[in-house]
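These are the residues of each chain, in order.
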Amino acid sequence: MPGKINSKKIPTMIDAKLLRASAATVAENLARRRFEFDADAYLALEEQRKALQVEVENLRAGRNASAKDIGKAKARGEDITPLLAAVEELGTKLAAVEGKLQLVQEQIREIEVGLPNLLHDDVPVGADEADNTEVKKWGEPRTLDFEAKDHVDLGASLGMLDFDSAARISGSRFVVLQGPLARLQRALIQFMLDVHTAEHGYEEVYVPYLVQADALFGTGQLPKFENDQFKTTDDPPFYLIPTAEVPVTNLERENILEAAELPLRRVAHTPCFRSEAGSYGKDTRGMIRQHQFEKVELVQLVEPGKSDAALEELTGHAEVILERLNLPYRKVILCSGDVGFGSHKTYDLEVWLPGQNAYREISSCSNYGDFQARRMQTRWRNPASGKPELLHTLNGSGVAAGRALIAVMENYQEADGSVMVPDALKPYMGGLDKISA
RNA sequence: GGAGAGGUGGCUGAGUGGUCGAAAGCGCUCCCCUGCUAAGGGAGUAAGGGCUAAUACCCCUUCGAGGGUUCGAAUCCCUCCCUCUCCGCCA
């Protein structure tokens, strides 16, 4: 049973007027995701809704007028019994039509809430991961004169990566880091936060790790991805955040921002919790896919029309981290079959992992357009119109700390199983320049 | 966890059944006056939805959330949430 989502005042996920005016175009766009939107059925419901709404509003107007008349008559000391009788029928009829309207509205809302975001024209059409398009490659993987170990073996020989203890305490998909390796992850986090706040203009925020259903609805994890979340048994339940994107973006939920406050850039380090339901057998070795991991997240709120540029900029901020750490990576644009539910356009950064001999995702940077803003009712006052209008939201990992740790271990490994400390992290390691057993 | 107070427009704050979407003040916008500045005068100033060529009228909804009473609820009743004060407890 999902937590209560108090969002009945939110009209729709994709602009309702756009849906009505161009349902077929919307259906076409969503079909690129292999999402089936039955435009005809939707429009038929919309027509019913409109007719019923007009009827309800007319009946209400009649009732309101009568109520006022009664008030006036009473003030004059007249007998109001005949007026009461006239209103009675209006009331029963109104209740009946209201019931019908509510039913239709619920059906419409159910459809709308389940609609993914429209895709940007840049998004290549494709079925899955394999169809993502590489748009950039940076750095050369080191050539080793010994066989590369993966982080699990390196961690074991260092005696600083303990999956057995984690399993005893918590089960699978958890890890315990020890000593210098634990510190290395903290160093990565500190380094990233420092770069983003000092050089990229982000404000650091500390946020709750437990949130209400509304917040998850706002950023798009609910209602569709209920099963991916951990949640408590409280009533209403708390959800453990799957990413800092949720609390940080929702900071501006139901707010109207002034133009001068934009663009709003915020960065937070948080743990992230994911149930990983349905990923059985996937990445079971090591700490690639955990129930709990650390991440530094970048969030931007920008004026509509500036979000395309902002996505390039934000992705660049994440790239800087990998470049300063001298970690080879590639940048891919996710294809229509792989891009997330709420995303308009997404770049993934994939870091080179010698232990896997592959590039693996370490950052995902997305422009959500107005999708999240509509769900959260986050707006700005457009000076041009003087009216509140929806903002555009973006977020990206800058970057995932757990995977960054893996990347550093595997890319900086030496023949003897020790791990060199990247120059950028040395100030955060108290002078230590090599981690060895 | 216990006791009390309270949640109203960008803000402060009045309103305890009817002409209240809501006094007043602040803030903001425009205009007038004023030889700079200061002060003063006038007007305007919530959001969402429907209708529409319309950012014009008109209509509907919204006074923490949900439910109820009533012809009619910001105002009465119930449940919940949150904030503040005091006490307890505690990192």
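Higher on the page you've got the structure.
Description of the structure in this document. Small disclaimer: the values here were computed from a predicted structure and weren't measured. (Residues numbered from 1 in each chain as written. Chains lettered and ligands numbered in written order. Predicted model: local features only at pLDDT ≥ 70, side-chain atom pairs only at ≥ 80, totals over all residues. Heavy atoms only, no water.)

## Quick word on the protein's contact with RNA strand B
In the neighbourhood of RNA strand B, 21 residues make up the surrounding shell, with Arg20, Lys50, Arg60, Ala67 and Arg379 lying closest. The sugar-phosphate share of atoms of RNA strand B within 4 Å of the protein amounts to 69%. In the model, a base nitrogen of RNA strand B is placed 2.6 Å from a nitrogen or oxygen of the alanine 67 main chain. The leading source of residues in the surface near RNA strand B is helix H3 (residues 39-75), at 13 residues. (Near = heavy atom within 4 Å. Polar contact = N/O pair within 3.5 Å; in protein donor to acceptor, adjacent residues only side chain to side chain. Helix = DSSP H or I, 4+ residues; strand = E, 2+ residues; numbered from the N terminus.)

## Considerations on the sheet that holds strand E8 (residues 264-273)
Taken together, 8 strands build an open sheet; the order of strands is E1-E10-E11-E12-E15-E9-E8-E4 and the sheet is mixed. Because the sheet does not close on itself, it has two edges, and the strands there are strand E1 (133-138) and strand E4 (203-204). As defined by bridge partners, strand E9 (residues 292-302) adjoins strand E15 (residues 392-400) across 7 bridges and the pair is classed as antiparallel. The residue of E15 that forms the bridge with lysine 295 is alanine 400. Relative to the sheet, helix H7 (residues 179-198) contacts E4, E8, E9 and E15, its axis offset from that of E9 by approximately 10°. Against the sheet, helix H12 (residues 401-411) engages E9, strand E11 (345-353), strand E12 (358-367) and E15, with an angle of about 35° to E15. (Pairing = 2+ DSSP bridges. Contact = heavy atoms within 4.5 Å. Axes fitted to C-alpha atoms, helices over the stretch in contact; angles between N-to-C directions.)

## Examining the state of the cysteines
Throughout the structure, instances matching the rule amount to 0 disulfides. Left unpaired, cysteine 272 is separated from the closest cysteine sulfur, that of cysteine 365, by 14 Å. The exposure class assigned to cysteine 272 is buried, which follows from its relative accessible area of 0%. On the basis of relative accessible area, cysteine 365 is assigned to the buried category, the value being 0%. (Disulfide = S-S within 2.5 Å. Buried < 20%, exposed > 50% of the residue type's maximum accessible area, 1.4 Å probe, protein only.)

## Section: the pairing of E12
One face of the sheet, then the other: side chains in a regular strand alternate in exactly this way. For E12, a buried count of 7 out of 10 residues is recorded, marking the element as mostly surrounded by other parts of the structure. Judged from the 9 bridges that link them, E11 and E12 form a sheet pairing that is antiparallel. Across the sheet, residue leucine 349 finds its bridge partner in E12, namely serine 363. Hairpin geometry of E11 and E12 is characterised by an intervening segment of 4 residues between the two adjacent antiparallel strands and by a positive phi of about 55° at asparagine 357. Examined bridge by bridge, E12 and E15 share 3 bridges and lie antiparallel to one another. Each bridged residue has a counterpart across the sheet, and for serine 366 the counterpart in E15 is asparagine 395.

## Topic: the pattern of salt bridges
Following the criterion strictly, the structure yields 27 salt bridges and no others. Of the charged contacts, one joins arginine 142 and glutamate 414 as a salt bridge, the two residues approaching to 3.7 Å between their closest N and O atoms. Here arginine 142 is found in the loop between E1 and helix H5 (151-158), whereas its partner glutamate 414 is found in the loop between H12 and strand E16 (419-420), with 272 residues between them in sequence. In this structure, the salt-bridge partner of arginine 289 is aspartate 283, at a minimum N-O distance of 3.0 Å. Across the pair, exposure class does not vary: arginine 289 and aspartate 283 are buried alike. Within the structure, one salt-bridge network assembled from shared partners comprises Asp122, Lys136, Glu312, Glu319, Glu323, Lys331 and Lys345. (Salt bridge = Lys/Arg side-chain N within 4 Å of Asp/Glu carboxyl O.)

## Remarks on the packing of H3 against helix H4 (residues 81-113)
It is the contact of H3 with H4, at a shortest axis distance of 8 Å, that shows an interaxial angle of 150°. On the basis of their axis angle, the class for H3 and H4 is roughly antiparallel. Between H3 and H4 lies a crossing whose hand is left-handed. Within the contact of H3 with H4, the residues separate by chemical class into 17 nonpolar, 6 polar and 10 charged. (Parallel < 35°, antiparallel > 145°, perpendicular 65-115°, else oblique. Left-handed = near helix turned anticlockwise from the far one by under 90°. Nonpolar A, V, L, I, M, F, W, Y, C, P; charged D, E, K, R; others polar.)

Interpretation note: all reported values are geometric properties and have no functional meaning in isolation.
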